[in-house]
Amino acid sequence: MSEIKQVKHNIKAFLDKMKSIHLNILDFIDSEEQNENIYQNLINLFKDQQISSEKHDFQLFLQMISVIIEYHFRGPKFFEKIEQILLFFENSIKHLISLSEIFEIFKNCERIILFLIEKRIIDIENSNIQKLNVYLKSKYFSQIDDDSLIEKRKKGENDSILCEQIRNDSLDEFIVNVNKNNIDLNSIIESSIFETNPSLKQKTSLIEYAAFYGANKIFKYLQLNKVKLSPKLWFYVIHSRSYELIHIFEDTLENIDYRLCFSEAVKCHHNEIADYFLNQLDSQSIEDSVIKYYNFPYIETEALLIDSKKLFNDLCLYNYFSLVKILVETFSDENRFEITIYLFFF
């Protein structure tokens, strides 16, 4: 086999492995019921692919999980299923990944850091990293000693009644609430210390919150009452996975940036939505976002070979160690030497 064919074969083999793992994880967490067969198939795949046998590949796997936790639509059993996956890899996390690495990977996933601490998968008490230890304690344990508050922290959502009504799309209760309390339909939702969705930690309007959770009835009520639809709402609608809301936007807004919409869907790992936007684009070249957000089904072997130098920095930046090592073989001897020196410090 020629050198370039061998490189192509190795890239495809690695990507096929990660694509299979990625798709099976999404099947598992998106299934509405707690299906033991789907879970067991996923575990068998983990074992067959030996995803935790090499540290760099295992870190890449955990980074993919962290992005899914941050941006993917959260069904009723979402966290329970994520925790099942992490518990399966308990020993691998303990022995392969340092506390500082775990914190870096899951730094925006407070709910998961809390879970790992409670299950003693990570131990901040015995940490030699004093500053990190103090920070973790202040962030995850301060002022939270009431059982009801602990439960709210685990749930990871805004605890206001108004937000709960929107999440449940309880239109009648929502209307009674806003009328009784004279709530402006254009108002901003009061922030909550329990909120764990990155998109909702910033200032969020009622219609943005409704779009985020796919609360179609409340969204339409707000639209009917002249609440303005801004292009920014696209990001919230994409998170909802609601085609009904997507089509409302397409019918309402002009000059839609489908490339930006595709990138947002990629970030959320809502690949059925990403495919829809991708079909609206003239060019389907590989996007930086698919690498940044570890969305493996959109990373193609041929694209990596054609744009290897262009994409190489991103692969390094986002810790695709195995792909970097393989792609180095396609570089000139001079460039290969420089990259080898770089990889020594990777």
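Residues numbered from 1 in each chain as written. Predicted model: local features only at pLDDT ≥ 70, side-chain atom pairs only at ≥ 80, totals over all residues. Heavy atoms only, no water.

Visitor: Looking at this structure, I do not really get unusual backbone geometry. What am I missing?
Guide: Only a minority of non-glycine residues have a phi that is not negative, and only a minority of peptide bonds are not trans. Although it is not a glycine, Lys 226 sits at a positive phi angle of roughly 70°. Inspection of the secondary structure assignment puts Lys 226 in the loop between α13 (216-224) and α14 (233-240). Accessibility expressed as a relative area gives 73% for Lys 226, which makes it exposed. Of note, Arg 241 is a non-glycine position whose phi angle comes to about 65°, a positive value. (Helix = DSSP H or I, 4+ residues; strand = E, 2+ residues; numbered from the N terminus. Buried < 20%, exposed > 50% of the residue type's maximum accessible area, 1.4 Å probe, protein only.)

Visitor: Is there a simple way to think about the packing of aromatic side chains in this case?
Guide: Scanning all chains against the criterion turns up 24 aromatic pairs. For the ring pair Phe 88 and Phe 89, a centre distance of 4.9 Å and an interplane angle of 80° mean the geometry is edge-to-face. Classification of Phe 89 as buried rests on a relative accessible area of 2%. Taking 5.2 Å as the distance between ring centres and 75° as the angle between the ring planes, the aromatic pair formed by Phe 212 and Tyr 213 counts as edge-to-face. Tyr 213 carries the same exposure label as Phe 212, and that label is buried. An aromatic cluster is defined as three or more aromatic residues linked by ring pairs; in this entry it consists of Phe 219, Trp 234, Tyr 243, Phe 249, Tyr 258, Tyr 276 and Phe 277. The lysine or arginine in question, Lys 81, covers the ring of Phe 28, its NZ or CZ lying 5.5 Å from the ring centre. (Phe/Tyr/Trp six-rings, centres within 6.5 Å; stacked < 30°, edge-to-face > 60°. Lys NZ or Arg CZ within 6 Å of the ring centre and 35° of its normal.)

Visitor: Would you mind going over the side chain of Lys 267 with me for this structure?
Guide: As for its position among the elements, Lys 267 is in helix α16 (residues 258-268). By relative accessible area, which is 13% here, Lys 267 ends up buried. Discounting chain neighbours no more than four positions away, the residues touching Lys 267 are Val 67, Tyr 71 and Tyr 293. (Contact = heavy atoms within 4.5 Å.)

Visitor: I tried to follow the nonpolar core on my own but got confused; where do I start?
Guide: One broad trend across soluble globular proteins is that nonpolar side chains are buried collectively. The biggest cluster of nonpolar side chains holds 111 residues, and the ones touching the most others in it are Phe 61 and Phe 106. If we skip the residues at most four places from it in the chain, Phe 106 touches Leu 62, Ile 65, Ser 66, Ile 69, Leu 86, Ile 112, Ile 113 and Leu 116. (Core = buried A, V, L, I, M, F, W, Y, C linked by side-chain atoms within 4.5 Å.)

Visitor: How should I be thinking about the pattern of salt bridges in this particular structure?
Guide: A full pass over the atoms with the stated rule returns 16 salt bridges. For Asp 57, the salt bridge is made with Lys 17, and the minimal N-O distance between the two is 3.8 Å. Of this pair, Asp 57 sits in helix α3 (residues 55-71) while Lys 17 sits in helix α1 (residues 3-30); the two residues are 40 residues apart in sequence, bridging distant segments of the chain. By relative accessible area, Lys 17 is classed as buried at 15%. Measuring nitrogen to oxygen at the nearest pair gives 3.7 Å for the salt bridge that ties Lys 77 to Glu 80. (Salt bridge = Lys/Arg side-chain N within 4 Å of Asp/Glu carboxyl O.)

Visitor: So what exactly am I meant to see when it comes to the side chain of Arg 111 here?
Guide: Relative to the helices and strands, Arg 111 resides in helix α7 (residues 110-118). Residue class for Arg 111 comes out buried when judged on its relative accessible area of 12%. One polar contact links Arg 111 to Glu 83, side chain to side chain, over a distance of 2.8 Å. The contacts of Arg 111, once residues within four sequence positions are left out, are Phe 79, Glu 83, Arg 153, Lys 154, Lys 155 and Thr 196. (Polar contact = N/O pair within 3.5 Å; in protein donor to acceptor, adjacent residues only side chain to side chain.)

Visitor: Would you explain the packing of α3 against helix α4 (residues 78-88) in this entry?
Guide: In a packed pair of helices, the relevant descriptors are the angle between the two axes and the axis-to-axis distance. Interhelical geometry of α3 versus α4 gives an angle of 170° and a closest axis separation of 12 Å. Regarding the angle of α3 to α4, the classification is roughly antiparallel. Taking contact as the criterion, the partners of Phe 61, Leu 62, Ile 68 and Ile 69 in α3 are, on α4, Phe 78, Phe 79, Ile 82, Ile 85 and Leu 86. For the contact of α3 with α4, the residue count by class is nine nonpolar, no polar and no charged. (Axes fitted to C-alpha atoms, helices over the stretch in contact; angles between N-to-C directions. Parallel < 35°, antiparallel > 145°, perpendicular 65-115°, else oblique. Nonpolar A, V, L, I, M, F, W, Y, C, P; charged D, E, K, R; others polar.)

Visitor: I'm lost on the packing of helix α2 (residues 36-49) against α4 in this one. Help?
Guide: Running from amino to carboxyl end, α2 crosses α4 at an angle of 35°, the nearest separation of the two axes being 12 Å. The way α2 lies across α4 gives a crossing that is right-handed. Between α2 and α4, the contacting residues are Tyr 39, Leu 42, Ile 43, Phe 46 and Lys 47 on the first element and Gln 84, Ile 85 and Phe 88 on the second. Taken together, the residues of the contact of α2 with α4 break down into six nonpolar, one polar and one charged. (Left-handed = near helix turned anticlockwise from the far one by under 90°.)

The values are spatial; any link to function lies outside them.
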